[in-house]
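Okay, here's what each chain looks like letter by letter:
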Amino acid sequence: MIPINRMEVEAELRKFVGSEVYIHSEATSFMFVRNFKVRVTHAFIAGEESFRAALRFDGHGWLRMEALTHFEADGQGRLLLAGYDDRGRMNIALHIGREPFPE
């Protein structure tokens, strides 16, 4: 994973707008969601150095993740976002793909 470039991640997020996607999301020690299927209607990213991403789905719900620092657009069409602390530990993750993530 590499540090987030807001414009690059924004372009990757927009590729999912209008599509059904699978979401993997977690925040260390207190939240975990795997293969939650939604239709993305809006996608945003904002911030500097530490970013927040928001997805609106099915026109009536939101998922917002904060403290994101790194990303990877992998060869399988997935966008992987993560937030690492100053010691290199992952604290938060948001992964988006058109196919289910491995269980």
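Here is a short report on the structure shown in this document. Once a new chain begins, its residue numbering starts again from 1 and follows that chain's sequence as written. Per-residue local features are limited, in this predicted model, to residues with pLDDT of at least 70; the limit for side-chain atom pairs, both in listing and counting, is 80 or more; totals at the level of whole chains, interfaces and linings are taken over all residues. Only hydrogens and water are removed before side-chain values are computed, so all heavy atoms of the structure are retained for them.

Pairs were defined over the aromatic rings of Phe, Tyr and Trp, the Trp ring being its six-membered one, requiring ring centres within 6.5 Å. Orientation was assigned from the angle between planes: stacked under 30 degrees, edge-to-face over 60, tilted for the rest. Counted under the stated rule, the structure contains 2 aromatic pairs. Ring centres 6.1 Å apart and planes at 25° place the aromatic pair Phe44 and Trp62 in the stacked group. On the criterion of sequence distance, the pair formed by Phe44 in strand β3 (residues 31–48) and Trp62 in strand β5 (residues 61–68) is long-range, its members being 18 residues apart. Under the scheme used here, helices are H or I runs from DSSP no shorter than 4 residues and strands are E runs no shorter than 2 residues, and both carry numbers assigned from the N terminus.

Close approach of charged atoms lets side chains of opposite charge pair. The salt bridge definition used is simple: a Lys or Arg side-chain nitrogen within 4 Å of an Asp or Glu carboxyl oxygen. Under the counting rule described, the total for this entry stands at 8 salt bridges. A salt bridge links Arg39 to Glu20, with the shortest nitrogen-to-oxygen separation between them at 3.9 Å. Of this pair, Arg39 sits in strand β3 while Glu20 sits in strand β2 (residues 20–27), and the two are 19 residues apart along the sequence. The classification of residues rests on relative accessible area computed with a 1.4 Å probe and restricted to protein chains. Under 20% of the type maximum is buried, over 50% is exposed, and intermediate values are partly exposed. The exposure class of Glu20 is partly exposed, given its relative accessible area of 39%. The residue Arg89 makes a salt bridge to Asp85 at a minimum N-O spacing of 2.8 Å. Members of the salt-bridge network, linked through shared partners, are Arg6, Glu10 and Arg14.

Structural measurements only, silent on function.
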